[in-house]
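# Tertiary structure, described
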Amino acid sequence: MNMNERVRELRALRQMANELAAEIEAIESEVKAEMSARDVDTLTGTDWRITWKSVTSSRLDTAALKKELPELAERFTRQTTVRRFVVA
């Protein structure tokens with residue numbers, strides 16, 4: 001296995017993935033703009049259905065917790081270790 005060739009292939013595939021992600025985002029934006037213009041949260045076609053609805057969630061504000069109650073935040077903080085894979 002030639003590592004230089006494999007890394008070049010990996011970089012090319014990542015570039016394609018980035019281009020596809022940008023294209024997907026552009027089309028999603030067009031669809032959302034149309035839904036906003038129609039003032040609807042659901043669109044339906046012959047073999048598809050798109051919904052774009054607000055979802056409310058609650059999350060812990062860890063920055064505020066660390067500021068207001070640093071000892072408590074420290075007690076309930078756990079560290080994890082991961083390996084990061086970077087291609088430059």
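Nothing here was measured: the structure is a model prediction, and the numbers come from that model.

Thresholds, definitions, all that
- Residues numbered from 1 in each chain as written.
- Predicted model: local features only at pLDDT ≥ 70, side-chain atom pairs only at ≥ 80, totals over all residues.
- Heavy atoms only, no water.
- Helix = DSSP H or I, 4+ residues; strand = E, 2+ residues; numbered from the N terminus.
- Buried < 20%, exposed > 50% of the residue type's maximum accessible area, 1.4 Å probe, protein only.
- Contact = heavy atoms within 4.5 Å.
- Patch = residues over 30% accessible without salt bridge, like charges linked within 9 Å, V, L, I, M, F, W, Y side chains within 5 Å.
- Areas by Shrake-Rupley, 256 points an atom, 1.4 Å probe, with all protein chains shown as cover.
- Salt bridge = Lys/Arg side-chain N within 4 Å of Asp/Glu carboxyl O.
- Expected span 1.5 Å × (residues − 1).
- Polar contact = N/O pair within 3.5 Å; in protein donor to acceptor, adjacent residues only side chain to side chain.
- UniProt positions renumbered as here; feature names shortened; annotations may be inferred.

What follows concerns the overall build of the chain. Of regular secondary structure, the chain possesses 3 helices and 2 strands. Of the regular secondary structure in the chain, the N- to C-terminal order runs α-β-β-α-α. Looking at the chain as a whole, 3% of its 88 residues qualify as buried. Across the chain, contacts joining residues at least 24 apart in sequence account for 23% of those joining residues at least 6 apart.

Nonpolar side chains collect at one region of the surface, where Met1, Met3 and Val7 lie side by side and expose about 350 Å² of accessible area between them. Within the secondary structure, Val7 is located in helix H1 (residues 3–38).

Moving on, we come to H1. Between its first and last C-alpha, H1 extends 52 Å over 36 residues, near the 52 Å set by a 1.5 Å rise per residue. One side-chain oxygen at the N-terminal end of H1 lies 3.0 Å from the backbone nitrogen of Asn4; it belongs to Asn2. A positive phi of about 55° marks Asp39, the residue just after H1.

Before going further, it helps to examine the environment of Gln79. Here Gln79 is to be found in the segment after helix H3 (70–75). The exposure class of Gln79 is exposed, given its relative accessible area of 80%. Along the chain, Gln79 and Leu65 lie 14 residues apart, while their C-alpha atoms are 17 Å from each other.

Moving on to the UniProt feature "coiled-coil region" (unreviewed entry) in the chain. This chain's UniProt record puts "coiled-coil region" (unreviewed entry) on residues 3–37. As annotated, residues 3–37 comprises 100% helix and 0% strand, and the C-alpha atoms at either end are separated by 51 Å.

The next point concerns the environment of Lys53. Along the chain, the position of Lys53 falls in the loop between strand S2 (49–51) and helix H2 (62–68). Through-space distance from the C-alpha of Lys53 to that of Ser29 is 14 Å; in sequence the pair is 24 residues apart. The contacts of Lys53, once residues within four sequence positions are left out, are Asp41 and Thr42.

Evaluation of the coordinates by the stated rule reveals 2 salt bridges. For Glu9, the salt bridge goes to Arg6, with nearest N and O atoms at 2.7 Å. A residue pair is termed a helical-turn pair when its members lie 3 or 4 positions apart in one helix, as Glu9 and Arg6 do in helix H1 at 3 residues. Accessibility expressed as a relative area gives 45% for Arg6, which makes it partly exposed.

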